[in-house]
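Here is how the chains run, residue by residue.
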Amino acid sequence: MGGRAPARQRSIRRHNLALLLTEIERSGPISRAELARRIGLTKATVSSMVEALRGAGLLEEKVPPLSGVARGRPGSPVGFSVQAPVAIGIEIAVDYVSACLVDLDGTVRRSVRHAQDHRRGDPAQHLARAVECARGLLANAPNRLVGLGVAIPGVIGDRGRVRAAPNLPAFVGHELAVELNELVTDLVTSAPGALCIEVGNEANLAALGELWYGGHDDLRDFVLVSGEIGVGAGVVAGGRLFAGAGGAAGELGHVTVDPSGPPCACGSSGCLERYVGQDVLLSRLGLDRREQLADALCSGEPAVGKVLEEAAHALGVATAALLNVVDVPAVVLGGLYAELAPALEAVLRAELERRVVAHVWRPTEVVVTNLGATAAMRGAAGVVLQRFFADPVAFIPALLPAE
Ligand SMILES: [Zn+2]
C-alpha cells in the first residue's frame, strides 16, 4: 500500500490490524494462510499487513515446527519479534513492591521485588519508587513501552482514584493514573501520549492474571481468593472480570464473619480479614515474618494446626457466602493461601461442601495458583496489553499508510 488512502479504507485496515495481532496473541506463531483463514481475510490482505508489522518490528518469521519448510515460504509461521513492544506490570502491595516486564504474549522477561512498607511514608514517594523499579527493568531494553499497569489493594475509580483502601489509608483520594503519568513523561518515546496507564484493584488484577496466564485450561468461571495483609477476591464469570458498579466487587476481606467480632480498619467489625489476614495469622502463630510460616507448617505442632483450622473455617464460611451469590464453580487460592493450602484445604473444602447450594450437583473445585506472588502484576501488565491489542494503531500510528 502507500500513498493516499481513503478514510474508510484506513479505518478497516486499523480494525484488521487489531484482529490480526489479537489472533497471533491467542494462537502463538502461525502461518499467514492459517491466520487469513481464522480472521476471515484474504491471504493477500494478511500478507500485506504482516509485511507492515514486520517492517515496524512487531512480527518476525519463526522457525517452522516441521522440517522441510524453508523460512520465508508461505507455510512459515510468523510471531511476535524480540523487538516488539513490551508492557510493565507493577504491584504496590501493603508490604512490598514488585514489577515485571512482559512481552506482547505476556511472557515475563524480567521481574523484581523489594520489601517496602507502604503503610508508612508518603504515597507520592512510594509511587516514584515503583516507577524506579519499572525503569530498572527497562534498562538496556530498546523495546517500545506500551504502558504500565499498577495493582494496589484498594477500590479504584476513574483516573486511578483510590476510593477506599483500609490497609493503605494514606493512598485514599490519590489519582494514581494522573500521578503516574507525570512520573513517566520521559518513558514516552516516539509516540507521545500513547503510553497507557492502567490502575486496578490487586485481587481483580490477580484474577485476570490467573485467567490469562494461570495455566488452568477451561477455567473461565472462578473466584480468586488472595491472602496478603488484607484479603481480596476477584470474580471472573464467563471469562470476564466482574468488578461491580464501582470497582468494589470481591471485597471478601470485609465480609462479616461475626458481627460482634473485633473492629476492622474499614469501619465495620468482625470482617474476614480480622481472622485470616496475614498479620492476624502471624500474630496468632507467634511469628514475626511470613518467611517463618513454612517452618511453622512443618513443625506439626497442634497449636499451629488449630490456628490454621480456625482460619480455614472462617475463610470457608465467607467464601461460601460469595459463591452462593455469584454461582461460580471454582475457587483459586492465591497469595498467602497458596502457601498455606496444604493446611487449609481440607477444612475449606468441607465448609464449601456444607454451605454452597450448588455443591449438591456440582462440587466446588479448589485449585492453587501456579503464579505464586506474581498474579497481580501479570494481570496489571495484561490489561495494558489488552488495550494495545484492541487498537495497535493508537500506539503505533506508522502502521497505517500516510493520509
Ligand atoms: Zn473490614
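Residues numbered from 1 in each chain as written. Predicted model: local features only at pLDDT ≥ 70, side-chain atom pairs only at ≥ 80, totals over all residues. Heavy atoms only, no water.

Turning our eyes to something else, we now look at the nonpolar core. Nonpolar side chains tend to gather and get buried jointly when the protein is soluble and globular. Core analysis: the largest hydrophobic core is formed by 38 residues, its most contacted members being Val223, Leu272, Val276, Leu315, Tyr337, Leu344 and Leu352. When contributions to this core are tallied by element, the ones reaching two or more residues are β11 (222–227), β12 (231–237), α8 (278–285), α9 (293–299), α10 (302–326), β14 (330–335) and α11 (336–355). When residues of this core are assigned to their parent elements, the largest contribution, eleven residues, is made by α10. Leave out the neighbours within four places in its chain, and Leu344 touches Leu308, Ala311, Ala312, Leu315 and Tyr337. In this structure, Leu53, Cys100, Val102 and Leu104 belong to the second largest nonpolar core, which totals 36 residues. (Core = buried A, V, L, I, M, F, W, Y, C linked by side-chain atoms within 4.5 Å. Buried < 20%, exposed > 50% of the residue type's maximum accessible area, 1.4 Å probe, protein only. Helix = DSSP H or I, 4+ residues; strand = E, 2+ residues; numbered from the N terminus. Contact = heavy atoms within 4.5 Å.)

This part takes up the pairing of strand β3 (residues 77–80). Here two bridges tie strand β1 (residues 30–31) to β3, and the two strands are oriented antiparallel to one another. Looking at β3, one finds that Ser31 is bridged to Pro77. Across three bridges, strand β2 (residues 59–61) lies against β3 in antiparallel orientation. Note on β3: the bridge partner recorded for Glu60 is Gly79. (Pairing = 2+ DSSP bridges.)

Here the focus is the sheet that holds strand β13 (residues 240–242). Whenever strands of a sheet pair, they do so through backbone hydrogen bonds, lying parallel or antiparallel. Strand order in the open sheet made by the five strands is β13-β12-β11-β14-β15, with mixed pairing throughout. Since the sheet does not close on itself, it has two edges, and those belong to β13 and β15 (365–368), each with one partner. In this sheet, adjacent strand axes meet at a mean angle of 30° when their direction is disregarded. Relative to β14, α11 is tilted by about 150°, and along the sheet it contacts β11, β12, β14 and β15. (Axes fitted to C-alpha atoms, helices over the stretch in contact; angles between N-to-C directions.)

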